Amino acid sequence: MSKKKFVTKKEKQFLINAFFICGFISLAILLLIRPALPNKSSQDIATTISGILGTALGFFGSILVYKALIEQVNANKLIQKQFILQQFESRLYKMLDIYNLNVNNLKLFGRKTGNLFEGKAVFSHMISNFNKLKKEVSEFNTAKNYNNNQIINESYLAKINELNLNINQLLILELSYIIFFYGVGVTGRKNIKSLLREKYNQEYLKQLLNYLSNKPVEYNSSEEIKEHWMNIMLEFEDFDTPNNASFDKFYNGHQSNLGHYYRHTFMIIKFINEQKMLSYLEKWEYSKLLRTQLSNHEQELFFLNSISVLGREWELNHIVSETRIEENKRFITKYDLIKNVSKAIREKYHIEFFYPNVEFEDNPGETDYRKELEKNVYN
């Protein structure tokens, strides 16, 4: 942010104008009273003129004092704003340090090889797992002839329609992500059923989660467990009971890695958004400090989180209806938080249907749009 000059060009012009006005007033008064002084001595006339000019100069001096006080007040305000800005930046950088620490501490064992993934590498492996899960949920639905009306409750369908979201695009992504997040262990299944109790058909959820609870990791599972999974994949029998045998499940959930990660990133953006001293474009630049640290896989997973019931506070919760939108709380669009997701991935997940106004990296040239937002929406 640029520093404001204590005396601007406009203020200098004001002082010059004030000087000339005072001089003009003094001269006018002198000309008016000169006929009344025909018999006065030169000393008396000088005294009179001195009095008039003294008064005028005193008035001019008062103006200067007033302007000096105004400038001092403005200078104090500027110093105070700079101090507040320094405090804001200091706290923001600490929050970004914590974000990096959280990412560096991420650890995940590969479900096929058992290899350890750490830091940013965790996200690419998570995306791979999600896509496997999404494929298997789709295959399960097809094999069991489940349609949307059998999967989702009417009230939740009405809510999605109210938000103008396409159920065919949302349903499989949301359901797969929630299972991916919580996993299909005993606790994970309970969390999913509780979270989706009023949204998804409970019998359908039971069958699907019990089915997925049979899939083991590949690197340390017995041949018997692997063979059992391969058989049920082909047969798609009824799954009234889960597989609670003691083995490492392929979908064991990522809540321990992602829960704190998303809470902290949300806190960073919310903190930036609440700074009243900053303009929208200034906030956008500060949010960029976080976004540029998000890898493409992070942004891809971030999108999946944001459209599920777990992450809609980022934006979709603030589309109250098709005609009423709380613009200032739509953080993903407001700060282009998924700007670097590639076109191929956007088409795969129909991302631009959910976030049509994000300025993506390969679609630049929206500067005027952002300026219009600052003027009419985010001011």
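What you are looking at is a predicted structure, and each value in this text was computed from that prediction instead of being measured.

### Some points on the overall build of the protein chain
- The helix and strand tally for the protein chain stands at 16 helices and 2 strands.
- By the burial criterion, 42% of the 379 residues in the protein chain qualify as buried.
- Long-range pairs, those at least 24 residues apart, make up 70% of the contacts in the protein chain between residues at least 6 apart in sequence.
- Carbon together with sulfur atoms contributes 55% to the accessible area of the protein chain, which is approximately 20,700 Å² in total.

### Digging into the pattern of salt bridges
- A complete count under the given rule lists 16 salt bridges for this structure.
- The partner of Glu-274 in a salt bridge is Lys-270, with the nearest N and O atoms 2.6 Å apart.
- Residues participating in the shared-partner salt-bridge network are Glu-203, Lys-206 and Asp-240.

### Structural notes on the confidence of the model for the protein chain
- With 80% of its residues at a pLDDT of 70 or more, the protein chain shows a mean pLDDT of 85.
- Mean pLDDT across the elements of the protein chain bottoms out in helix α1 (residues 9–33) (63) and peaks in helix α12 (residues 296–307) (97).
- Below a pLDDT of 50 lies the segment residues 1–6, which in the model reaches 11 contacts outside its immediate sequence neighbourhood of four places, other chains included.

### What about helix α7 (residues 186–195)?
- Regarding α7, the residues found buried are Gly-188, Arg-189 and Ile-192. Across the axial projection of α7, the buried residues extend over an arc of 95 degrees, all falling on one side. More than 90 degrees from the buried face of α7, the exposed residues found are Thr-187 and Lys-190.
- Buried-residue contacts for α7 involve α6 (167–182) and α8 (202–212).

### Comments concerning the packing of helix α3 (residues 121–143) against α6
- At their nearest, the axes of α3 and α6 sit 9 Å apart, and the two run at 120 degrees to each other. As far as their axial angle goes, α6 and α3 are oblique. The way α3 lies across α6 gives a crossing that is right-handed. Of the residues in α6, those in contact with Met-126, Asn-129, Phe-130, Leu-133, Lys-134, Val-137, Ser-138 and Asn-141 of α3 are Ile-172, Leu-173, Leu-175, Ser-176, Tyr-177, Ile-179 and Phe-180.
- Across the contact of α3 with α6, the residue classes tally to 10 nonpolar, 4 polar and 1 charged.

Definitions and cut-offs
Starting afresh in each chain, residues are numbered from 1 along the sequence in its written order. Where local features are concerned, this predicted model is filtered to residues with pLDDT of at least 70; where side-chain atom pairs are given and counted, the filter is 80 or more; whole-chain, interface and lining totals use all residues. With hydrogens and water set aside, each side-chain value is computed from the structure's full complement of heavy atoms. Counting from the N terminus, the helices are DSSP H or I runs at least four residues long and the strands are E runs at least two residues long. Burial classification: accessible surface area is computed with a 1.4 Å probe over protein chains only, and a residue below 20% of its type maximum counts as buried, one above 50% as exposed, and the rest as partly exposed. A contact between two residues is defined here by any heavy atoms of the two lying within 4.5 Å. Each accessible area value is a Shrake-Rupley result obtained with a 1.4 Å probe; residue values ignore everything except the protein chains displayed when judging cover. Criterion for a salt bridge: a side-chain nitrogen of Lys or Arg within 4 Å of a carboxyl oxygen of Asp or Glu. Each residue carries a pLDDT score, the predictor's own confidence in it, on a scale running from 0 to 100. This arc is taken over the directions from the axis of the helix to the C-beta atoms. Angles here are taken between N-to-C directions and fall from 0 to 180 degrees, while the axes themselves are lines fitted to C-alpha atoms, restricted in helices to the stretch in contact. Between 65 and 115 degrees an angle is taken as roughly perpendicular, under 35 as roughly parallel, over 145 as roughly antiparallel, and anywhere else as oblique. In a left-handed crossing the near helix is turned counterclockwise from the far helix by less than a right angle, and in a right-handed crossing that turn is clockwise. When residue character is reported, Ala, Val, Leu, Ile, Met, Phe, Trp, Tyr, Cys and Pro are called nonpolar, Asp, Glu, Lys and Arg charged, and the others, Gly included, polar.

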